[in-house]
Structures are given as C-alpha cells and as structure tokens.
Amino acid sequence: MNTLTLSGSETGAVALTMFDLNMLLPVDGVPQQPELVPGRESDCIMAQLGMQALVGAVVDAPVKGYLDAHQHYITWHPDQPDGISAHKLSSPDWIISTAEVRAALATLDRTSASEVDNARQSRFAAAEVGASIWEDWVKVLRSSADADRPVRIASPGYEGPLLVAELLFDQE
C-alpha cells in the first residue's frame, strides 16, 4: 500500500494506538522551523513547492540555504529512533524516515497480538473508527520498510481528510 488518507478521528485513533504500543514517542531536540529569506518569501515558498520553474523564481544561495534548512527540519529524527517521532503525526508536512518506521515496526512485532488488539479496539472504538484503518496504516509502514522509502505526511489538496500518508518515491 503506497497511499492512505486519514480523517481527523482516524489519525487520532492511529496515533493513540501507536502511542499505547510505544511505537509513537515524544522526542526532544526537534529543530526550529527555518525562517523564510526576508524579501524573498515567495521565492522560498515557490521553491519549497517545486514551482520555481513555473514562475521564474531564482534558487540562488539564500533560497537554497532555506530549502536545505527546510528539508532538514521536515526530515529530522533522533539518531537512533525508538519509534516514530510523535510530532510527525500531529500535523502535516513531515517526513517519517525509514529508521523511524523500522523501529516502530520492530516494537509492533515484539508486542503480543492480544496487546495490539486491545490497544486498537480501545482507541478505535472510542473514535468510532473501523479496524481496517489500523491494518491499512501498518501496510503503509511495512511497504515503507520493504521499499526503503520514507513516508510523507501531507495535507490533502482539497477539503476532506486531515492527512495523507504516502510513500515518498521521488526524492531529490
């Protein structure tokens, strides 16, 4: 599975289940979001969105510096992650590294099926979310680990689900 859209209640049920199973962990040391280059804000945003060629924005040293800092910010994770960094499921525009995915899956694989089922049932029932969402989420994680590709947590481009989780195949 390469893509999964999640509503707010589905995202919450997935995140809380992962937290209960020690797959999703709060972390320290998350870098600050980089500042846009003063006077070049639109160039930075266009470059960040990959639109600079469409609008003729210049990617010179200051804008490139911003892009590099932004990439570091959205991909940051602890050197030896014990799971997925909790902030990455709290809002869109993060990249979950394969190291984080593999650590989370290792924890899941060490957890008894009854513990997983109890955590999932508790959180998913409270949120009135179907169990298949958990199965689909785990498929996305396993696909990420198998393909050695990170998972991008993105905003949908329309009204609707809260988050879109997708394997990141095109990475510069």
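Residues numbered from 1 in each chain as written. Predicted model: local features only at pLDDT ≥ 70, side-chain atom pairs only at ≥ 80, totals over all residues. Heavy atoms only, no water.

## Description of the pattern of salt bridges
Then, number 1: Taken as a whole and assessed by the stated rule, the structure comprises eight salt bridges.
Then, number 2: Where D20 meets R123, a salt bridge forms, and the shortest distance between an N and an O atom there is 2.7 Å. On the criterion of sequence distance, the pair formed by D20 in helix α1 (residues 8-20) and R123 in helix α6 (residues 113-127) is long-range, its members being 103 residues apart.
Then, number 3: What makes D20 partly exposed here is its relative accessible area of 34%.
Then, number 4: Overall, R123 belongs to the partly exposed group, its relative accessible area being 28%.
Then, number 5: Between R120 and D117 there is a salt bridge, with its nearest N and O atoms 2.7 Å apart. Of the two residues, R120 and D117 both sit in helix α6, three residues apart, roughly one turn of that helix.
Then, number 6: D117 sits in the partly exposed class, given a relative accessible area of 33%.
Then, number 7: Several salt bridges share partner residues, and in doing so they unite R40, D43 and D60 into one network. (Salt bridge = Lys/Arg side-chain N within 4 Å of Asp/Glu carboxyl O. Helix = DSSP H or I, 4+ residues; strand = E, 2+ residues; numbered from the N terminus. Buried < 20%, exposed > 50% of the residue type's maximum accessible area, 1.4 Å probe, protein only.)

## Examining the packing of aromatic side chains
Then, number 1: Applying the stated criterion across every chain yields a total of two aromatic pairs.
Then, number 2: For the ring pair Y73 and W94, a centre distance of 4.9 Å and an interplane angle of 50 degrees mean the geometry is tilted. On the criterion of sequence distance, the pair formed by Y73 in helix α4 (residues 61-75) and W94 in strand β4 (residues 94-96) is long-range, its members being 21 residues apart.
Then, number 3: Using a relative accessible area of 13% as the deciding quantity, one classes Y73 as buried.
Then, number 4: Assessed through its relative accessible area of 7%, W94 is described here as buried.
Then, number 5: Both rings, one in F124 and one in W134, keep their centres 6.4 Å apart while their planes meet at 85 degrees; by these two values the pair is edge-to-face. Here F124 is found in helix α6, whereas its partner W134 is found in helix α7 (residues 132-147), with ten residues between them in sequence. (Phe/Tyr/Trp six-rings, centres within 6.5 Å; stacked < 30°, edge-to-face > 60°.)

## Regarding the environment of V164
Then, number 1: Within the secondary structure layout, V164 lies in strand β6 (residues 163-167).
Then, number 2: Of the residues examined, V164 reaches a relative accessible area of 11% and is grouped as buried.
Then, number 3: Sequence separation between V164 and S7 is 157 residues; the distance between their C-alpha atoms is 8.9 Å.

## Details of unusual backbone geometry
Then, number 1: Backbone geometry places N22, a non-glycine residue, at a positive phi of 65 degrees.
Then, number 2: For N22, the position within the fold is in the loop between α1 and β2 (24-25).
Then, number 3: Of note, D93 is a non-glycine position whose phi angle comes to about 80 degrees, a positive value.
Then, number 4: Here D93 shows up in the loop between β3 (84-85) and β4.

## Focus: the nonpolar core
Then, number 1: Judged by nonpolar contacts, the single largest core of 31 residues is most densely connected at M18, W134 and W137.
Then, number 2: The set of elements that each furnish at least two residues to this core consists of β1 (3-6), α1, α5 (98-110), α6, α7, β5 (151-154) and β6.
Then, number 3: Counting residues per element, this core draws most heavily on α7, which supplies seven residues.
Then, number 4: Among residues more than four places away in sequence, those in contact with M18 are M23, L24, I84, L89, W134 and W137.
Then, number 5: Grouped together as the second largest cluster of nonpolar side chains are five residues, V37, C44, V63 and Y66 included. (Core = buried A, V, L, I, M, F, W, Y, C linked by side-chain atoms within 4.5 Å. Contact = heavy atoms within 4.5 Å.)

## Focus: the confidence of the model for the protein chain
Caution applies to low-pLDDT regions: their predicted coordinates should not be interpreted in detail.
Then, number 1: Averaged over the protein chain, the pLDDT score is 87; the fraction of residues at 70 or greater is 88%.
Then, number 2: When mean pLDDT is taken per element in the protein chain, α5 scores highest with 97 and helix α3 (residues 52-55) scores lowest with 60. (pLDDT = per-residue confidence, 0-100.)

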